[in-house]
Structures are given as C-alpha cells and as structure tokens.
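# Tertiary structure, described
Here is how the chains run, residue by residue.
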Amino acid sequence: MKVVFLEEVEGTARTGDVKNVADGFARNYLLPRKLAAPATDHYINIAQAKAGKKERLQEKVDEEARDRVLPKVDGKAVEIEVRVGEQGKLFGSVTARDIAEALQAVTRVELEHRQVDLKEPIRELGGHEVTIRVTRNVLATVTVNVVPVGGLPAEEAVEESPEVAIESEAEGEVTAPAEEMIEEEIVEEEPPMESSETNEEQIAAEEENDSLEQ
C-alpha cells in the first residue's frame with residue numbers, strides 16, 4: 001500500500017515521505033495510529049504542510065544547539081573507569097548510557113543515551129572517539145578514555161623482583177657481622193685500664209721504700 005507519512009516513524013520514514021509499505025503494517029499499525037494516510041492529494045498536502053512546519057522548528061532548535069550546547073560538548077574528553085581482568089580484558093563494557101552520564105557530569109548538559117551514536121559497546125581500554133547527536137542535524141565528537149579502576153590492573157603492578165629480595169637478604173647477613181668486627185677492632189686497640197686498687201698498692205710500696213732508706 002502506498003501511504004504518506006503524517007508523523008515521523010523512526011527507522012522508516014519522516015513526515016511528508018511517500019512510500020510503499022506492507023498492507024498489514026499500514027492497516028494494523030500506521031493508519032490506526034494516524035502516523036500515515038493513503039497517498040491521496042489531500043493527505044499529501046496535509047503531510048507536506050506539517051513537514052514544512054517541523055523543518056522550520058528544527059532549524060531553530062539546531063541554531064540554538066550550535067550556539068549554546070555544541071561549544072560545551074564538542075571536543076570534550078571524559079574518563080570512565082572499568083574493572084579489568086587478565087591481559088587488559090574488561091569485565092563487561094562501556095555503554096551509551098555510561099557515556100551520556102559521564103558527559104552530563106562534566107558538561108552539565110542533559111543528554112540521553114539515544115544521543116550517543118555508539119554502534120556497539122566499548123570493550124577495550126584506551127581512547128575512543130564517539131559521535132554525539134546534540135540534535136538531528138548538529139553533531140559533536142568527544143573522546144572517551146576507558147581506564148582501569150585505580151590505575152593499572154593488579155597483575156601489572158610493579159612488584160619487588162626475586163633478585164632484589166635475595167640481594168636485600170644478603171645485605172642483611174653481611175651488615176651485622178661487619179658491625180661486630182668493627183666493635184672488636186676498637187676494643188683491641190684500646191689499652192687495658194688499670195684498676196684503682198693496683199695504683200694504691202704501688203704508691204704504698206714506694207713510700208715504704210723511701211722510709212727505709214731514710
């Protein structure tokens with residue numbers, strides 16, 4: 001059946017388009033919902049008038065988006081943290097909804113996930129350029145940096161190597177005996193100290209000898 005679309009049907013046609021569609025699709029869906037009508041001159045004129053009105057409205061929306069929204073979004077970069085397993089594989093993926101929420105937090109511009117033109121979820125780390133449909137005719141490009149939670153994955157964190165551990169242990173074994181050897185050398189170099197009792201005996205003996213000689 002040949003119909004003219006009175007309203008836009010996403011993925012099928014825009015207002016004012018004239019197309020041939022399946023009879024069942026027309027009778028069971030399009031016509032009852034007044035989304036389309038038989039392609040007569042009367043309905044075509046109505047559809048074209050509605051299309052012109054919507055086009056003028058869309059132009060105003062696009063102009064406002066270019067002036068007020070596009071500068072806040074275009075060229076921006078957002079960072080999304082994800083859980084990562086072995087070999088940098090993501091647990092799950094980054095979706096259009098994740099990107100829309102991250103952008104909204106950075107730009108303060110309200111965005112819906114449907115405005116994020118993402119063919120499939122992101123499943124790899126790194127930077128990814130993504131198109132944002134600010135309006136139907138106004139597009140922005142943003143960079144989505146997908147990074148592991150807390151930095152590098154745990155298995156890639158820098159750990160002390162076995163060689164360093166062995167070297168540290170060896171240094172500990174050498175240090176203690178070395179200190180003991182130094183202490184022993186100091187003790188050996190110091191002259192033996194005479195006790196106070198020995199000095200007194202020698203003085204007394206010398207005084208006794210002097211008295212006898214006199």
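The sections below set out a description of the structure shown in this document. Because the structure is predicted, anything quoted here is derived from the model rather than measured. (Residues numbered from 1 in each chain as written. Predicted model: local features only at pLDDT ≥ 70, side-chain atom pairs only at ≥ 80, totals over all residues. Heavy atoms only, no water.)

### Structural notes on the overall build of the protein
- A count of helical and extended segments in the protein gives five helices and seven strands.
- Sorting the 214 residues of the protein into buried and exposed places 25% on the buried side.
- Within the protein, residue pairs in contact and separated by at least 24 positions form 53% of the contacts whose partners lie at least 6 positions apart.
- Carbon and sulfur atoms provide 48% of the accessible area of the protein, an area that totals close to 15900 Å². (Helix = DSSP H or I, 4+ residues; strand = E, 2+ residues; numbered from the N terminus. Buried < 20%, exposed > 50% of the residue type's maximum accessible area, 1.4 Å probe, protein only. Contact = heavy atoms within 4.5 Å. Areas by Shrake-Rupley, 256 points an atom, 1.4 Å probe, with all protein chains shown as cover.)

### A look at unusual backbone geometry
- Backbone geometry at Lys-34 places phi at a positive 55°, although glycine is not the residue there.
- Structurally, the position occupied by Lys-34 is in the loop between helix 1 (23-30) and strand 3 (36-38).
- Of note in the backbone geometry, Arg-108 takes a positive phi value of approximately 65° without being a glycine.
- Structurally, Arg-108 is set in the loop between helix 3 (96-107) and strand 5 (116-117).

### Examining a negative patch on the surface
- On the surface, Glu-55, Glu-59, Glu-63 and Asp-67 cluster together into a patch of negative charge.
- Note on placement: Glu-63 falls in helix 2 (residues 41-73). (Patch = residues over 30% accessible without salt bridge, like charges linked within 9 Å, V, L, I, M, F, W, Y side chains within 5 Å. Salt bridge = Lys/Arg side-chain N within 4 Å of Asp/Glu carboxyl O. Lys, Arg positive; Asp, Glu negative; His and termini not counted. Charge placed at Lys NZ, Arg CZ, Asp CG, Glu CD.)

### A short note on the sheet that holds strand 7 (residues 139-148)
- Taken in spatial order, the four strands line up as 4-7-6-5 in an open sheet, and their pairing is mixed. Where the open sheet ends on each side, the last strands, each with one partner, are strand 4 (77-82) and strand 5.
- Two strands pair when backbone bridges link them, and strand 5 and strand 6 (residues 126-133) are joined in this way by two bridges, in the antiparallel orientation. Its bridge partner being in strand 6, Val-116 is matched across the sheet by Ile-132.
- This element, helix 3, spans strand 4, strand 5, strand 6 and strand 7 of the sheet and lies at about 125° to strand 4. (Pairing = 2+ DSSP bridges. Axes fitted to C-alpha atoms, helices over the stretch in contact; angles between N-to-C directions.)

### A word on the packing of aromatic side chains
- For the structure on display, the rule yields one aromatic pair.
- On the numbers, 5.5 Å between centres and 10° between planes, the contact of Phe-25 with Tyr-29 is stacked. With Phe-25 and Tyr-29 both in helix 1 and four residues apart, the pair spans about one turn of that helix.
- Exposure remark for Phe-25: the relative accessible area of 30% places this residue in the partly exposed category. (Phe/Tyr/Trp six-rings, centres within 6.5 Å; stacked < 30°, edge-to-face > 60°.)

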